[in-house]
Amino acid sequence: MGFLDRLFGESTKEEKTMTKLNIGIILGSTRQGRVSPQVGEWVKGIADKRGDANYEIVDIADFNLPFLGTTDASEPGIAEWNAKLESLDGFVFIVQEYNHSITGALKNALDFARDAWNNKAAGIVSYGSTGGARAAEHLRGILGELKVADVRTHPTLSLFTDFENGSVFKPAELHLTNVNAMLDEVNQWSGALKTIR
């Protein structure tokens, strides 16, 4: 970087690629007794060992979002939610299946932002009686509309084999490979998409 670039704070393309990406692990449920925090912490534990990005848990419950269209949208949580999304380069959604789809809370949170999602990448970790596969497919359609590139590798967790009594998360070892492959893809796509934002 030349003297003028340093003086005026302009960064080169090379510097941008050297900066670690910020990836949010979004908890997709807000209900009492939810298990998504357990799954999110497990994914974050795997991700942090990689050292390839800055990973953080983003809990939509912390933002107290009202239902879209029921208020004048002046609640501080809405602005905070959008600011948090703006600060992230990519996402990993922790998705639980409710009636063959995502939760109402997650859909509401997705709808409360627009530009903050654009030109970023996302991975999905889902769980349910069929591994949450149907919820993940619904989420993919929504992400496409929000201009989020969802990656192919998709760890699916079974309520029958990866949870004890439906409440204590005990994942099978075999999921580790898929989680790492998914994170590889999220980082590659997030880095690529950062160059066009």
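Further up the page is the structure itself.
Please read all numbers here as calculations on a predicted model, not as lab measurements.

Visitor: An account of the overall build of the protein is requested, with residue identities and associated values reported.
Guide: Summing up its helical and strand segments, the protein has seven helices and eight strands in all. Taking 2.2 N^0.38 as the reference for a compact globule, 197 residues should give roughly 16 Å; the C-alpha atoms of the protein span a radius of gyration of 17 Å, in line with that estimate. With the C-alpha coordinates aligned to their principal axes, the bounding extent of the protein is approximately 60 × 45 × 25 Å. Of the roughly 10,100 Å² that the protein leaves accessible, carbon and sulfur atoms contribute 52%. Once the 20 positive and 26 negative side-chain charges of the protein are each reduced to a mean point, those two points are 3 Å apart.

Visitor: Hey, could you go over the side chain of Asn 108 for me, with residue numbers and the actual values?
Guide: Note that Asn 108 resides in helix 5 (residues 104–111). Among the residues examined, Asn 108 registers a relative accessible area of 9% and is labelled buried.

Visitor: Describe the pattern of salt bridges, naming the residues involved and giving the relevant values.
Guide: All told, the structure shown has 13 salt bridges when counted by the stated rule. With a closest N to O distance of 2.6 Å, Asp 184 and Arg 50 form a salt bridge. You can see Asp 184 sitting in helix 7 (residues 175–194) and its partner Arg 50 sitting in helix 3 (residues 36–50), a full 134 residues away along the chain. The salt bridge involving Glu 137 is made with Arg 140; its shortest N-O contact spans 3.5 Å. Placement of both Glu 137 and Arg 140 in helix 6 (residues 133–145) is noted, with a separation of three residues, approximately one turn of the helix.

Visitor: Go over the nonpolar core, please, and point to the residues and values.
Guide: Judged by nonpolar contacts, the single largest core of 29 residues is most densely connected at Ile 26, Trp 81, Phe 93, Leu 110 and Trp 117. No other element matches helix 6, which puts five residues into this core. Not counting residues up to four positions away in its chain, the partners in contact with Trp 117 are Ile 26, Trp 81, Leu 85, Phe 91, Phe 93, Ala 109, Leu 110, Leu 146, Lys 147 and Val 148. By size, the runner-up hydrophobic cluster in this structure holds 24 residues, among which are Val 43, Val 125, Val 151 and Phe 169.

Visitor: Just give me the short version of the environment of Asn 82, but keep the residues and values in it.
Guide: Mapped onto the elements, Asn 82 comes out in helix 4 (residues 76–86). Considered as a pair, Asn 82 and Asp 52 are 30 residues apart in the sequence and their alpha carbons are 25 Å apart. Side-chain polar atoms of Asn 82 contact the backbone oxygen of Ile 78, separated by 3.0 Å.

Visitor: Before we move on, could you go through unusual backbone geometry and cite the residues and values that matter?
Guide: Phi is positive for Asn 119, close to 60°, though the residue is something other than glycine. Within the secondary structure, Asn 119 is located in the loop between helix 5 and strand 4 (120–128). Despite not being glycine, Lys 147 shows a phi value in the positive range, around 60°. Positionally, Lys 147 belongs in the loop between helix 6 and strand 5 (148–150).

Visitor: Describe the pairing of strand 4, listing the residues and the values that go with them.
Guide: Across a regular strand the side chains alternate sides, sitting on one face of the sheet and then on the other. Among the nine residues of strand 4, nine are classified as buried, and the element is accordingly described as predominantly covered. Neither face of strand 4 is open: one carries Lys 120, Ala 122, Ile 124, Ser 126 and Gly 128, the other Ala 121, Gly 123, Val 125 and Tyr 127, and all of them are buried. Alignment of strand 3 (residues 90–96) against strand 4, held across seven bridges, turns out to be parallel. When the sheet's bridge partners are listed, Val 92 is paired in strand 4 with Gly 123. Handedness of the β-α-β unit built from strand 3, helix 5 and strand 4 comes out right-handed. Looking at chain direction, strand 4 and strand 5 are connected through three bridges and run parallel.

Visitor: Describe in detail the side chain of Ser 158, supporting the description with residues and values.
Guide: In this structure, Ser 158 sits in strand 6 (residues 156–158). Given a relative accessible area of 16%, Ser 158 falls into the buried group. In terms of polar contacts, Ser 158 uses its side chain to reach the backbone amide nitrogen of Phe 160, at 3.0 Å. With near-sequence residues (within four places) excluded, Ser 158 lies in contact with Gly 128 and Phe 163.

Here is what the cut-offs are and how they apply
Residues numbered from 1 in each chain as written. Predicted model: local features only at pLDDT ≥ 70, side-chain atom pairs only at ≥ 80, totals over all residues. Heavy atoms only, no water. Helix = DSSP H or I, 4+ residues; strand = E, 2+ residues; numbered from the N terminus. Rg over C-alpha atoms; globule rule 2.2 N^0.38 Å. Areas by Shrake-Rupley, 256 points an atom, 1.4 Å probe, with all protein chains shown as cover. Lys, Arg positive; Asp, Glu negative; His and termini not counted. Charge placed at Lys NZ, Arg CZ, Asp CG, Glu CD. Buried < 20%, exposed > 50% of the residue type's maximum accessible area, 1.4 Å probe, protein only. Salt bridge = Lys/Arg side-chain N within 4 Å of Asp/Glu carboxyl O. Core = buried A, V, L, I, M, F, W, Y, C linked by side-chain atoms within 4.5 Å. Contact = heavy atoms within 4.5 Å. Polar contact = N/O pair within 3.5 Å; in protein donor to acceptor, adjacent residues only side chain to side chain. Pairing = 2+ DSSP bridges. Right-handed = clockwise from strand over helix to strand, strands pointing away.

No statement about biological role is implied by the geometric values presented.
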